[in-house]
Amino acid sequence: MWDWDYAFHILPELLNVLPITISATLLGFLVACLLGLPLALVRRSRNKMISGAAFAIMEFIRSTPLLVQLFVLFYALPIYGISFSPMVTGVIGLGVHYSTYMSEVFRSGIEAVPKGQWEASKALNFSARRTWMSIILPQALPPVVPVMGNYLITMFKETPVLSAITLVELLQTAKAIGSGSFKYLEAFTLVGILFLLLSYPSSLLVRKLELRFQRK
């Protein structure tokens, strides 16, 4: 049966590790964005070998489970002298995995920019850097913000897999609490509620942004 007193007793312990879960999500998202944009540009390369190689790498990463990639980073690489802390491994794993999705988001935004904008910048003799920074990216990025928001929420809900590499986040803490008291119901239910409380408002915000851009 549900024990309210026990639930309120363990809630502070879960809240204490919530910043770790949020930090892993935000840092992973930052890595995904920083890698995703260059990947999108490489995918648009006129050199078919370069574009094809980028596509193959992205498909491989997308087609293999995130958990497997985390295991390789955390358990296999140390055999070759490359090791990271659980937090760094989680951030790298999330970031690299979702950069392949973010690259397609960025690419769709870039390709949605009217061709006339490229022609106008060329007619004005703008440099490639100025064209991208002043004309293309300011038009390409705002419409894809809602999609980026959806991936951010998805990454947040994926963080429980980081417990498999010993990162002490929400799920790992709930498992430890449950194993110590043999009361798993309250711990896991509270974890689910915390994810819901943080994800649902974010989903509503993303939906509002989608409607706003659709009206434009």
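Everything below is about the structure shown above.
*Asks:* Can you walk me through the packing of aromatic side chains in this structure?
*Replies:* Given two aromatic rings, one states the distance between the centres and the angle between the planes to describe the pair. All chains considered together, the criterion is met by 10 aromatic pairs. Ring geometry for Y98 versus Y101: centroids 5.7 Å apart, planes at 40°, classification tilted. Taken together, the residues Y98 and Y101, both in helix 4 (residues 86–111) and 3 residues apart, mark about one turn of the helix. Note on Y98: relative accessible area 4%, which makes it buried. An aromatic cluster of at least three residues, connected via ring pairs, comprises W2, W4 and F8. The residue whose ring lies beneath R62 is Y101, and the NZ or CZ to ring-centre distance is 5.9 Å.

*Asks:* Help me out: how do you make sense of a nonpolar patch on the surface in this one?
*Replies:* On the surface, I22, L26 and L198 cluster together to form a nonpolar patch covering roughly 220 Å² of accessible area. For L26, the location among the structural elements is in helix 1 (residues 4–43).

*Asks:* Would you take a moment to explain the environment of A53 for this structure?
*Replies:* Turning to its location among the elements, A53 is positioned in helix 2 (residues 48–63). In this structure A53 comes out as partly exposed when scored by relative accessible area, which is 39%. Taking the C-alpha atoms as reference, A53 lies 8.7 Å from R43; in sequence the two are 10 residues apart.

*Asks:* Honestly, the nonpolar core in this entry has me stumped. Any pointers?
*Replies:* Note that soluble globular proteins tend to have their nonpolar side chains buried in a common cluster. Within the largest apolar cluster, 19 residues are counted, with the highest numbers of intra-cluster contacts made by F29, C33, L94, M102, F106, M148 and L162. Secondary structure elements with two or more residues in this core: helix 1, helix 3 (66–76), helix 4 and helix 6 (128–158). One finds A7, L14, L18 and I177 within the second-largest nonpolar core, a separate group that totals 15 residues.

*Asks:* Is there a simple way to explain the layout of surface pockets in this structure?
*Replies:* Once rolled over the atoms, a probe with the size of a water molecule shows which space is left empty. Volume-wise, the largest pocket comes out at about 260 Å³. The wall of the largest pocket is formed by 15 residues, among which L152, I153, F156, L198 and S202 lie closest to the centre. Of all the secondary-structure elements, those providing two or more residues to the lining of the largest pocket are helix 1, helix 6 and helix 8 (184–215). The calculated volume of the second largest pocket comes to roughly 180 Å³. Forming the boundary of the second largest pocket are F60, I61, T64, V68, Q69, V72, L73, I92, G93, V96 and H97. At the level of elements, helix 2, helix 3 and helix 4 are the ones that each hand at least two residues to the lining of the second largest pocket.

Definitions and limits used
Residues numbered from 1 in each chain as written. Predicted model: local features only at pLDDT ≥ 70, side-chain atom pairs only at ≥ 80, totals over all residues. Heavy atoms only, no water. Phe/Tyr/Trp six-rings, centres within 6.5 Å; stacked < 30°, edge-to-face > 60°. Helix = DSSP H or I, 4+ residues; strand = E, 2+ residues; numbered from the N terminus. Buried < 20%, exposed > 50% of the residue type's maximum accessible area, 1.4 Å probe, protein only. Lys NZ or Arg CZ within 6 Å of the ring centre and 35° of its normal. Patch = residues over 30% accessible without salt bridge, like charges linked within 9 Å, V, L, I, M, F, W, Y side chains within 5 Å. Areas by Shrake-Rupley, 256 points an atom, 1.4 Å probe, with all protein chains shown as cover. Salt bridge = Lys/Arg side-chain N within 4 Å of Asp/Glu carboxyl O. Core = buried A, V, L, I, M, F, W, Y, C linked by side-chain atoms within 4.5 Å. 1 Å grid on protein atoms, 1.4 Å probe; cavity = no way out; pocket = protein on both sides within 12 Å on 5 of 7 lines; lining within 4 Å. Points joined across faces, edges and corners; volume = space filled by probe spheres on them.

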